[in-house]
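# Per-entry structural report
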Amino acid sequence: METTSTSKNSKAMDWILFLVFFVLFVAMLLFADEWFWIPMPFMLTYLVRALNAM
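The paragraphs below set out a description of the structure included in this document.

Analysis parameters
Residues numbered from 1 in each chain as written. Predicted model: local features only at pLDDT ≥ 70, side-chain atom pairs only at ≥ 80, totals over all residues. Heavy atoms only, no water. Helix = DSSP H or I, 4+ residues; strand = E, 2+ residues; numbered from the N terminus. Buried < 20%, exposed > 50% of the residue type's maximum accessible area, 1.4 Å probe, protein only. Areas by Shrake-Rupley, 256 points an atom, 1.4 Å probe, with all protein chains shown as cover. Contact = heavy atoms within 4.5 Å.

### Focus: the overall build of the protein
- Each helix and strand counted, the protein has two helices and zero strands in total.
- Split into buried and exposed, the 54 residues of the protein put 13% on the buried side.
- Summed over all atoms, the accessible surface of the protein reaches about 4,400 Å², with 72% contributed by carbon and sulfur.

In structure tokens:
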């Protein structure tokens, strides 16, 4: 069983990683649009984890 502090830290890290991959996704969409799909699975995975939908 996880403690609430561990859960909060994990959720905060998931949001940070989502934002990092989202910025990478947008940058690749603007500058290398044929490769924008590379960060997409990571971005969506961390969004689902941050929203606790998994």
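After that view of the structure, there is still more to cover.
### A few points about the environment of Phe21
- Along the chain, Phe21 falls in helix H1 (residues 4-31).
- Considering only alpha carbons, one finds Phe21 and Pro39, 18 residues apart in sequence, at a separation of 6.1 Å.
- With near-sequence residues (within four places) excluded, Phe21 lies in contact with Pro39, Phe42, Met43 and Tyr46.

### Details of unusual backbone geometry
- Of note in the backbone geometry, Asn52 takes a positive phi value of approximately 55° without being a glycine.
- In this structure, Asn52 sits in the segment after helix H2 (40-50).

### Examining the environment of Leu44
- With respect to the element layout, Leu44 can be found in helix H2.
- With 23 residues separating them in the primary sequence, Leu44 and Phe21 have C-alpha atoms 8.8 Å apart.

### A few points about the side chain of Asp14
- Counting through the fold element by element, Asp14 comes out in helix H1.
- Looking at Asp14, the relative accessible area reads 6%, which means it is buried.

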